[in-house]
Amino acid sequence: MKTLIKNAWIVTMDDDWNDYPEGFLLIEDTVIQDLGTMAKYDDTYPDAFEEGIKVVDAAGGLLIPGMINTHCHMGMIPFRGLGDDMKDRLFRLLLPLERSLTKELCCASSKMAIAEMLQSGITTVFDMYFYENDVAEVADEMGIRAFLGQTVQSSTSCENLDEINYGMKLLPEFIEKWRNHELVKPAIGPHATYSVDLPVLQEIAQIAKDNDILYGIHMSEMDQEMAEFKEKYQSTPVQYLADQGVLNDHMVAVHCIHTNEKDIKVLDQYGVSVAHCVVANTKSAKGVAPIQKMLDVGVTVGLGTDGPSSGNVLDMFNQMRTMAYAQKTANKNRSAFPAKDIFYLATRGGAKALHIENKVGQLSVGYQADVTLLETNSFNMFPVYDPYSTIVYQGKSENVQDVWVNGAHLVDNGQLTRVHQEEMKREISAVMDEFVATAKEMLEEV
Ligand SMILES: [Zn+2]
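What you see is a predicted model, and the numbers here were worked out from it, not measured in a lab.

Draft legend 1. Geometry of the overall build of the chain. Per the secondary structure count, the chain includes 16 helices and 17 strands. Against the globule reference of 22 Å for 446 residues, the chain gives a C-alpha radius of gyration of 21 Å, in line with a compact fold. By principal-axis analysis of the C-alpha atoms, the chain measures approximately 70 × 50 × 40 Å. Within the chain, the proportion of its 446 residues that are buried is 59%. The contacts in the chain between residues at least 6 apart in sequence include a share of 71% that link residues at least 24 apart. The average position of the 37 basic charges and that of the 65 acidic charges among the side chains of the chain differ by 4 Å.

Draft legend 2. Fine view of the coordination of the zinc ion. Coordination of the zinc ion by the protein comes from H71 (NE2), H73 (NE2), H218 (NE2) and D306 (OD), over a distance range of 2.1 to 2.3 Å. Every donor counted, the four donor atoms about the zinc ion form angles of 88 to 173 degrees at the centre, which fits irregular coordination. Mapping the donors of the zinc ion onto the primary sequence yields the spacing H-x1-H-x144-H-x87-D. Separated by 145 residues along the polypeptide, H73 in the loop between β6 (67-72) and α2 (89-98) and H218 in strand β10 (residues 215-219) bring together distant segments of the chain. Here H73 falls in the buried class, since its relative accessible area comes to 7%. Assessed through its relative accessible area of 7%, H218 is described here as buried.

Draft legend 3. Representation of helix α3 (residues 103-119) within the structure. Counted at 1.5 Å a residue, the expected span for α3 with its 17 residues is 24 Å, and the 24 Å between its end C-alpha atoms agrees. By the criterion of burial, α3 is predominantly enclosed, with 14 of the 17 residues buried. Where α3 ends, the next residue or the one after it, G121, has phi of about 90 degrees, a positive value.

Draft legend 4. Local environment of the environment of D249. Relative to the helices and strands, D249 is located in the loop between α8 (237-243) and β11 (251-255). Along the backbone, D249 and D134 are 115 residues apart, and their C-alpha atoms lie at a distance of 27 Å.

Draft legend 5. Structural view of the packing of aromatic side chains. One pass over the structure, following the stated rule, counts 14 aromatic pairs. Here F91 and Y194 contribute two aromatic rings whose centre-to-centre distance is 6.3 Å and whose plane-to-plane angle is 55 degrees, an arrangement assigned as tilted. Pair noted here: F91 is in helix α2 and Y194 is in the loop between β9 (184-190) and α6 (198-211), with a separation of 103 residues, a long-range link. What makes Y194 partly exposed here is its relative accessible area of 21%. When the ring of F229 is compared with that of Y240, the centres are 5.8 Å apart and the planes differ by 65 degrees; the resulting orientation is edge-to-face. Taken together, the positions of F229 in helix α7 (residues 223-233) and Y240 in helix α8 put the pair eleven residues apart, joining distant regions of the chain. Of the two residues, F229 and Y240, neither departs from the other in class, the shared state being buried. Three or more aromatic residues link up through ring pairs in this structure, and these residues are F24, Y41, Y45 and F49. The ring of W17 has K340 lying over it, and the distance from NZ or CZ to the ring centre is 5.0 Å.

Draft legend 6. Structural view of the side chain of T322. You can see T322 is positioned in helix α12 (residues 316-331). For T322, a relative accessible area of 18% translates into the label buried. Excluding its chain neighbours within four sequence positions, the residues that come into contact with T322 are V278, V279 and T282.

Draft legend 7. Focus on the domain arrangement of the chain. According to the domain assignment, the chain consists of domain 1 (2-65 + 361-413) and domain 2 (67-353). Facing 31 residues of domain 1, the contacting portion of domain 2 comprises 29 residues. Contact with domain 2 buries area across many residues of domain 1, yet W17, V392 and Y393 alone supply 25% of it, more than any other trio. One can count two salt bridges joining domain 1 with domain 2. Across the pair R348 and D15 runs a salt bridge whose closest N-O atoms are separated by 2.8 Å. Viewed at the interface, domain 2 and domain 1 are joined by eleven residue pairs in polar contact (both at pLDDT 80 or more). Listed by contribution, the elements that provide at least two residues to the side of domain 1 that touches domain 2 are β5 (62-65), β14 (371-374), α14 (387-394), β15 (400-405) and β16 (408-412). The leading source of residues in the side of domain 1 that touches domain 2 is α14, at six residues. Here the residues of the side of domain 1 that touches domain 2 sort into 17 nonpolar, ten polar and four charged.

Draft legend 8. Fine view of the packing of α2 against helix α16 (residues 433-445). Close contact between α2 and α16 brings their axes to 11 Å; oriented N to C, the two are set at 150 degrees. Considering their axes alone, α2 and α16 lie roughly antiparallel with respect to each other. Seen from above, α2 lies across α16 with right-handed handedness. Two secondary-structure elements touch here, α2 through R92, L93, P96 and L97 and α16 through F435, T438, A439, M442 and L443.

Parameters and conventions
Residues numbered from 1 in each chain as written. Predicted model: local features only at pLDDT ≥ 70, side-chain atom pairs only at ≥ 80, totals over all residues. Heavy atoms only, no water. Helix = DSSP H or I, 4+ residues; strand = E, 2+ residues; numbered from the N terminus. Rg over C-alpha atoms; globule rule 2.2 N^0.38 Å. Buried < 20%, exposed > 50% of the residue type's maximum accessible area, 1.4 Å probe, protein only. Contact = heavy atoms within 4.5 Å. Lys, Arg positive; Asp, Glu negative; His and termini not counted. Charge placed at Lys NZ, Arg CZ, Asp CG, Glu CD. Donors = N, O, S within 2.8 Å, 3.2 Å for Na, K, Ca; no water. Tetrahedral: all angles 85-135°; square planar, octahedral: opposite > 155°, others 65-115°. Expected span 1.5 Å × (residues − 1). Phe/Tyr/Trp six-rings, centres within 6.5 Å; stacked < 30°, edge-to-face > 60°. Lys NZ or Arg CZ within 6 Å of the ring centre and 35° of its normal. Domains from an automatic or database assignment. Buried area = accessible area lost by both parts, 1.4 Å probe. Salt bridge = Lys/Arg side-chain N within 4 Å of Asp/Glu carboxyl O. Polar contact = N/O pair within 3.5 Å; in protein donor to acceptor, adjacent residues only side chain to side chain. Nonpolar A, V, L, I, M, F, W, Y, C, P; charged D, E, K, R; others polar. Axes fitted to C-alpha atoms, helices over the stretch in contact; angles between N-to-C directions. Parallel < 35°, antiparallel > 145°, perpendicular 65-115°, else oblique. Left-handed = near helix turned anticlockwise from the far one by under 90°.

Dropping the structure here:
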């Protein structure tokens, strides 16, 4: 099966930062077979070449690598908009409410989250939440590239209201079942530095290394977390967990807002990647992570939306734009983090953080065909001087026209090809009643 996309402005994100204002890209099955200028196309391919090929005329559109979301909680759509401006919301509302989450609701939520991400041009996600073995079926059905981190926490959870560290019991079967899937990969999600016992964290680090899978953890995110590590261990979470053997190159550390220069060197030394979730971090007034210092040292950084209750919308445009605003302000420098560099983090940075930089993150021959087409007919996309600026400062998920993942056409002219939008809404509404009632009760109490 071949798909030819013609007349697009192709932003390759390859090593030479090539872009082709009038270009083409040819997909064969799951892979990018060729790309370049339209002049090259006319020279290379004979007149009858397009017969039997699916041709997309993308005149004026921007063709970009599918964006990579390095941190999400797809099961949290029912929490979206709940207590948004509430102080200490995580402990007062979210964590207690999470205990009532059912498998059915988590799966329906994940389906909707994947749909939202695909429609906003995201083609890969690293999720961390509950019931991931079931969510994996949903991801498989939807066709997104997904790393699914089964939550482990040293308290009881919705998956088992009596047993702590229950996620550990689910890991062997989960890893075995999905390890060889082409797009859906098992991962581990130890919740945070302060919510999982040390021996469990050590075991997780070892399991990840032995099985060559990723583990994600919320790290150096909150003031009270930093105070707790200082008081108990006279250390920072990064340094303490490094000393205890919890850090290795399969770890994606989420947030890392309160990391000092020594911490950053430690992250680099252990090959830990960082998921920067600037919308969640600034909305909750936790601070702006020192990303420039991380990049200067050589730490790999990707961008993440965080869950729909943290950043509200699951799109990278919002992340990229907020990152520019927050980092420029924090660094008091208008030229800090130009659009090109931010788009790099949303594509190649994320790919490297998830160890798939040889497969996706750029449009190059031989890479998997994870491709997003943005239209530029809408007012907010006009005119285009610099495609990176247009993407970062002007782009919205509404501008996403087509999306391919591994060569499969999952969004066609703005519409999902595998699922019906209204049906999905009905599905989640049908299993949300009890959750909504509990949420309302809790809101009245807090
Ligand atoms: Zn998170």
